[in-house]
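Coordinate analysis (summary)
What follows is each chain in one-letter form.
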Amino acid sequence: MNPFSSGTRLRDMIRAIRACKTAAEERAVIRKECAAIRAAISENDQEYRHRNLAKLMFIHMLGYPTHFGQMECLKLIASPGFPEKRIGYLGLMLLLDERQEVLMLVTNSIKQDLNHTNQYIVGLALCALGNICSAEMARDLAPEVERLLQFRDPNVRKKAALCTIRIIKKVPDLAENFITPAVALLKEKHHGVLLTGVQLCTDLSKVSTEALEYFKKKSIDGLVKVLRDLANSPYSPEYDISGITDPFLHIRLLKFLRVLGQGDVDASDTMNDILAQVATKTEANKNAGNAILYECVATIMSIEDNGGLRVLAVNILGRFLSSRDNNIRYVALNMLMKAITLDSQAVQRHRVTILECVKDSDASIRKRALELVYLLVNENNVKSLTKELIDYLEVSDPEFKGDLTAKICSIVEKFSPEKIWYIDQMLKVLSEAGNYVKDDVWHALIVVITNAPNLHGYTVRSLYKALQTAGEQETLIRVAVWCTGEYGDLLISNAGLLDVEDPITVTEADAVDVVETALRRYSSDLTTRAMCLIALLKLSSRFPSCSKRINDIVRYHKGSFVLELQQRAIEFNSIIEKHQKIRSALVERMPVLDEATFSGRRAGSVPAVASTSQGDPPKIPNGVVKPASAPLVDLLDLSSDDIQAPASSGGDFLQDLLGVDVSPATSQGTNQTQKSGTDVLLDLLSIGTPPAQSSTSMLDILSSSQDNKSSVDALGKLAPSPLAQASSPVESSPAMDLLGGFGTSQSVSVTNGPTFPAIVAFESSSLKVTFNFSKEPDSPQTTLIEAQFINKSPNVYSNFLFQAAVPKFLQLHLDPASSNTLPASGNGSVSQKLRVSNSQHGKKSLVMRVRINYKVNDKDVLEEGQISNFPRDL
Amino acid sequence: MGIRFVLMVNKQGQTRLAQYYEYLNLEERRTLEGEIVRKCLARTEQQCSFVEHRNYKVVYRRYASLFFLVGVDNEENELAILEFIHLLVETMDRHFGNVCELDIMFHLEKAHFMLEEMVMNGCIVETSKSNILSPIQLMDKAS
């Protein structure tokens, strides 16, 4: 016998592991045990196989690799004795999964065991099959399972029922064969069989419409009776849970009724009475009773409308919401989310209570409540709700601020009645929690500011004031610095004074102070500092009296260790000192940024409402750390390394801001400077820095989404097309390249990783739906889809609702549509964002079933379809 | 499929039993367990028993030094899962007699057999304690 495998029993091993004081000791013990087990396996040790596998399960639970024991499981399953089989099957379920090829080998053993005379062995095999069955196994073994649904022992029948669920999920085509045996299970008395039978029928209805119709016709009355008997049943000790007989079965039945009643008036009518009975009679002082009530409310909310029942359900939710038990409040909030689409009036009544929940000490409740409040907001209550939320922002926990700001910003953006209100609210958020605000939010704010010419003066003055009190909020500083650079003159002159504000006295030196403080601030990051330099350049032209001082500051940064800042400082210094005559043209105000393109681009690249904050924005890769020998390669290979993430959105946004392909007006504007700008550019790019390095910093600009406002500012005036050109594979000298491309090339080729062609997902005589795809760079499994709906008919569609369903291997998240009204004859469109995660990424392509409801001329129209023409590899 | 995983974890955050009903590889499991345990163990008695994590909802309940955590999807009735955890504990109590962490550690396979009788493929199979325990008792008698 092997000297290692001899001594330790399972107990001794567990004791040894427990006695370990450090992780290293534990690893050592486990390494020794694993070595012993491997040795035993290679010697084909019969006697201790059972014990070794039990040990492996324990080791596996602790999170160590145990793949070498997989074959042992198969050997144990194939052995004749029950104890060996039992541990073998358990090992099979724990150590293996359906992806492993070893599983192919076990099919035959399972098949034999399913036909075994011993019912316990049959049970073991069914249980294992139910947990790990793959599509191939499902096809091979479906007939056995179907037969076992009628087995004499109920314990086998219940397991066969659950096994069937797995089979029809893997191979939906097989569903038809199981409808009849499944219906038979609904008549059983044994609770286990009933429980699993109802579950099986529910799942059958989901995969097969034929089954759903069949159950609607044949089994509703029976189910209602079962539920009634159960609800009225006398005390039965076996299934009693705090005074209620088998709440689990209650819940299963209610769930199934929900599936049957959805969209079916007759079916809903049949179950009204029993639902009313459950809703009123169930005792609400214990958790089990509340679980049933909760499920009952969900069912009432989902089936066809019955006024009285809905009122009952909403009342129950109201009671839940005012409960002192946090669990109950949590589920109430959860359910109100679902109820809001049906009866928003009823939910609005609880607004005050819900708002209180946002301030709860419990993170789970806060999160639910915040999401609910977000849905509650409409044009009428936006002002008061926003005020409440912003007030709360002051006192909320730091870890909650990220979510809260994201939601507030999204609400403000979506419902703002006027621009001044929007700007006011955003400034409040930035001053309160500017460090938690996402980049795209403050980008959007700047876009809005540029689009409100009459508010420029007001905004820059408000920002100035805000900065005096909240000088530590990074994004507030950025916006303030940007606005000071652009509209500094309005700050001094108090131009465009609104009635609501008091004039303030700010000198030119004060304005420069603001920027200088931000630049010197220890915690300012690269983006902020770069923005400061640009603001200074702009101010140097706006405030001639401070020009000298500004030049000194800029010159100081020529020695910066950060390449990006150093280069900017050198360039700007050169503009200030050597190119006086073109300076004023260079630093003119930014052209108005196009809101529509911005929001479009943003929708394509970043989800509008991100629910969690990731903390600080990633630091921009500093040009210095890049190997200077291969900057161009880096530049072209955007998709492969760490800079990929910002590049995909930043690149787009940059082109957008530059107006390369959108706004001819801005291109003309830059053309004017081109004649004189050419030599400046040559000058700028060749001063002091070797050409290779200057392209490295180009890369920086391209790759930094935070940076774009500022970098655009710098380069937008100088060289819009070279920037675009920089990413195409041409000459080795970037400076040459920049000039060669000047004025000629408008084509942009930023490599954004894999791209997918848009598809026409659905088209009928009245409606066209197109899908645009994008990927989040760091998760290839997730696809962002932007659906665009176009009305082809001459009538306006109202109450437009798009729904989609996906198979289990996909996960779907739908954002709200941009509008629920679709203008006639293609005069505009509605867009909606979808996010799909594919757990079988690379193996299966996407499929989706869609349903579109809308009202045309007061008539409801329903269109349905299946989309299977998705590009592969999504 | 409602239940995605069942975990038993002690106060120190060490896993004592783990059963997954969807496949996660070793690395994913370790990180998931770590994240969830950190989140749940930090919560106080008064806070609710539900924690949202990634795309799971974790329903947890504490019994002395042992935490029972059940990961479910969005469709599942959270209150019912809470009741299910209690049923699981009562069942183990009936078998081991006032179950404790060591019972589960040293009889890991038995705890798994019990769980196996109660949950299969993420669905609850049986809710009667005597039905759950009868095959296990039968085995104990035979051996």
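Please read these numbers as outputs of a predicted model, since none were measured by experiment.

When helices and strands are tallied, chain A shows 40 helices and 10 strands. Residues classed as buried in chain A amount to 58% of the 874 residues present. For chain A, restricting intrachain contacts to residue pairs at least 6 apart in sequence, the fraction spanning at least 24 positions comes to 69%.

With that settled, the discussion passes to the overall build of chain B. Assigned secondary structure in chain B consists of five helices and seven strands. Of the regular secondary structure in chain B, the N- to C-terminal order runs β-β-α-β-β-β-α-α-α-β-β-α. Residue burial in chain B is summarised as follows: out of 143 residues, 66% are buried. Of the contacts made within chain B by residues no fewer than 6 positions apart, 48% connect residues no fewer than 24 positions apart.

What follows deals with the pattern of salt bridges. Residue and element names in this part refer to chain A. Scanning the entire structure with this criterion turns up 44 salt bridges over all chains. Arg589 serves as the salt-bridge partner of Asp489, at 2.8 Å between the closest nitrogen and oxygen. A residue pair is termed long-range when its members are at least 10 positions apart, and Asp489 in helix H27 (residues 474-493) and Arg589 in the loop between helix H32 (580-586) and helix H33 (595-605) qualify at 100 residues. Take Asp489: its relative accessible area is 29%, and that puts it in the partly exposed class. Judged by relative accessible area, which is 35%, Arg589 ranks as partly exposed.

In terms of nonpolar packing, the biggest core is built from 288 residues, with Leu92 and Met271 of chain A together with Ile3 of chain B touching the most fellow members. Looking at which element gives the most residues to this core, the answer is helix H2 (residues 78-96) of chain B, with 11 residues. Not counting chain neighbours up to four residues away, the residues in contact with Ile3 of chain B comprise Tyr21, Val70, Gly71, Val72, Ile81, Phe84, Val119, Gly122 and Ile124 of chain B. With 29 residues, the next largest nonpolar core counts Phe762, Leu810, Val836 and Leu846 of chain A among its residues.

Looking now at the sheet that holds strand E9 (residues 848-856) of chain A. Residues and elements named next belong to chain A. Across the sheet, which stays open at both edges, the three strands sit in the order E6-E9-E10 with antiparallel pairing between neighbours. The strands lining the two open edges of the sheet, one partner per strand, are strand E6 (797-805) and strand E10 (859-867). The sheet shows a mean angle of 15° between the axes of neighbouring strands, taken without regard to direction. Judged from the nine bridges that link them, E9 and E10 form a sheet pairing that is antiparallel. Its bridge partner lying in E10, Arg849 is registered against Gln866.

A full pass over the atoms with the stated rule returns 15 aromatic pairs over all chains. With a centroid separation of 5.9 Å and 65° between ring planes, the pair formed by Phe773 of chain A and Phe870 of chain A is classed as edge-to-face. Note that Phe773 of chain A is positioned in strand E4 (residues 767-776) and Phe870 of chain A in the segment after E10, a separation of 97 residues in sequence. Residue Phe870 of chain A is classed as buried on the basis of its relative accessible area, which comes to 6%. Aromatic side chains Tyr63 of chain B and Phe68 of chain B sit 5.6 Å apart centroid to centroid with 85° between the ring planes, which places their arrangement in the edge-to-face category. According to the relative accessible area criterion, Phe68 of chain B is buried, its value standing at 3%. Directly above the aromatic system of Phe400 of chain A lies the positively charged group of Arg366 of chain A, at a separation of 4.5 Å from the ring centroid. The residue whose ring lies beneath Lys407 of chain A is Tyr374 of chain A, and the NZ or CZ to ring-centre distance is 5.0 Å.

What follows concerns the pairing of strand E3 (residues 50-53) of chain B. As a general feature of sheets, a regular strand has side chains that alternate between the two faces. Residues and elements named next belong to chain B. Here E3 shows two buried faces, one formed by Phe50 and Glu52 and the other by Val51 and His53. The pairing of E3 with strand E4 (residues 56-63) spans four bridges and is antiparallel. If you follow Phe50 over to E4, its bridge partner there is Val59. Once E3 ends, the chain turns through two residues before running back antiparallel as E4, passing Arg54 with a positive phi of about 45°.

All names here are of chain A. Closest axis-to-axis distance for the helix H24 (residues 419-433)/helix H26 (residues 456-469) pair is 11 Å, and the angle between their directions is 20°. Here H24 is positioned roughly parallel relative to H26, judged by the angle of their axes. For the crossing formed where H24 meets H26, the hand is right-handed. Across from Ile420, Ile423, Asp424, Leu427 and Ser431 in H24, the residues of H26 making contact are Tyr458, Thr459, Ser462, Leu463 and Ala466. Tallied by class, residues from the contact of H24 with H26 come to six nonpolar, three polar and one charged.

Under the 1.5 Å per step criterion, the end-to-end length of helix H23 (residues 398-415) of chain A is 26 Å for 18 residues, consistent within 8% with the ideal 26 Å. Most of H23 of chain A sits inside the fold, with 14 of its 18 residues counted as buried.

Time to look at the interface of chain A and chain B. If you look at the interface, chain A gives 69 residues, while chain B gives 56 residues. In total, about 5,800 Å² of surface goes out of reach between chain A and chain B, with carbon and sulfur atoms giving 55% of it. Across the pair Glu52 of chain B and Arg368 of chain A runs a salt bridge, and its minimum N-O distance is 2.8 Å. Applying the counting criterion to the chain A and chain B interface returns 28 residue pairs in polar contact (both at pLDDT 80 or more).

On to the confidence of the model for chain B, then. Averaged over all residues, the pLDDT of chain B equals 90, while 99% of them reach at least 70. Looking across chain B, the model is least confident in helix H5 (residues 129-142) of chain B, with a mean pLDDT of 87, and most confident in strand E5 (residues 66-72) of chain B, with 94.

The next subject is the sheet that holds strand E2 (residues 15-20) of chain B. Residue and element names in this part refer to chain B. Read across the open sheet, the five strands follow the order E2-E1-E5-E4-E3; overall the sheet is antiparallel. For this open sheet the edge positions go to E2 and E3, each flanked by a neighbour on one side alone. The average angle at which neighbouring strand axes cross in this sheet is 20°, direction not considered. Taken together, the seven bridges between E4 and E5 define a ladder with antiparallel strand orientation.

Moving on, we get to helix H5 (residues 82-95) of chain A. Think of an α-helix as 3.6 residues a turn; residues three or four steps apart then line up on the same face. Residue and element names in this part refer to chain A. For H5, built from 14 residues, the straight-helix expectation of 20 Å at 1.5 Å per residue is met to within 8% by its first-to-last C-alpha distance of 20 Å. Counting buried positions along H5 yields 12 of 14 residues, so the element is predominantly enclosed. Looking only at H5, the buried set comprises Phe82, Lys85, Arg86, Ile87, Gly88, Tyr89, Leu90, Gly91, Leu92, Met93, Leu94 and Leu95.

Residues and elements named next belong to chain A. Axis separation between helix H8 (residues 135-148) and helix H9 (residues 154-170) bottoms out at 9 Å; the angle between their running directions is 150°. Regarding H8 and H9, the two cross each other, and that crossing is left-handed. Residues Ala135, Ala138, Ala142, Val145 and Leu148 of H8 form the contact with H9, whose own contacting residues are Val156, Arg157, Ala160, Cys163, Thr164, Ile167 and Lys170. In terms of residue class, the contact of H8 with H9 is made up of nine nonpolar, one polar and two charged.

Next up on the list: the side chain of Glu101 of chain B. Residues and elements named next belong to chain B. Relative to the assigned elements, Glu101 resides in helix H3 (residues 101-106). Side chain to side chain, Glu101 and Asn10 meet in a polar contact 2.9 Å long. Reaching out from Glu101, the side chain makes a polar contact with the side chain of Arg16 at a distance of 3.0 Å. Glu101 has contacts with Asn10, Arg16, Ser65 and Leu66, leaving out every residue within four places of it along the chain.

Okay, unusual backbone geometry next. Phi is positive for Asp246 of chain A, which is not a glycine, with a value near 45°. As for its placement among the helices and strands, Asp246 of chain A is situated in the loop between strand E2 (244-245) and helix H14 (247-261). By relative accessible area, which is 1% here, Asp246 of chain A ends up buried. Positive phi is not limited to glycine here, since Ala64 of chain B has a value of about 50°. Of note, Ala64 of chain B is situated in the loop between E4 and E5.

Looking now at the pairing of E4 of chain A. All names here are of chain A. The element E4 is largely enclosed, with a buried count of eight among its 10 residues. Pairing of strand E3 (residues 759-763) with E4 involves four bridges; the strand directions are antiparallel. Paired with Glu763 across the two strands is Lys768, which belongs to E4. Following E3, the chain reverses through three residues before pairing antiparallel with E4. One ladder, built from 10 bridges, connects E4 with strand E5 (residues 779-791); its direction is antiparallel. If you follow Asn772 over to E5, its bridge partner there is Glu786. Hairpin remark: E4 followed by E5, antiparallel, with two residues in the connecting loop.

Rules of the game
Residues numbered from 1 in each chain as written. Chains lettered and ligands numbered in written order. Predicted model: local features only at pLDDT ≥ 70, side-chain atom pairs only at ≥ 80, totals over all residues. Heavy atoms only, no water. Helix = DSSP H or I, 4+ residues; strand = E, 2+ residues; numbered from the N terminus. Buried < 20%, exposed > 50% of the residue type's maximum accessible area, 1.4 Å probe, protein only. Contact = heavy atoms within 4.5 Å. Salt bridge = Lys/Arg side-chain N within 4 Å of Asp/Glu carboxyl O. Core = buried A, V, L, I, M, F, W, Y, C linked by side-chain atoms within 4.5 Å. Pairing = 2+ DSSP bridges. Axes fitted to C-alpha atoms, helices over the stretch in contact; angles between N-to-C directions. Phe/Tyr/Trp six-rings, centres within 6.5 Å; stacked < 30°, edge-to-face > 60°. Lys NZ or Arg CZ within 6 Å of the ring centre and 35° of its normal. Parallel < 35°, antiparallel > 145°, perpendicular 65-115°, else oblique. Left-handed = near helix turned anticlockwise from the far one by under 90°. Nonpolar A, V, L, I, M, F, W, Y, C, P; charged D, E, K, R; others polar. Expected span 1.5 Å × (residues − 1). Buried area = accessible area lost by both parts, 1.4 Å probe. Polar contact = N/O pair within 3.5 Å; in protein donor to acceptor, adjacent residues only side chain to side chain. pLDDT = per-residue confidence, 0-100.

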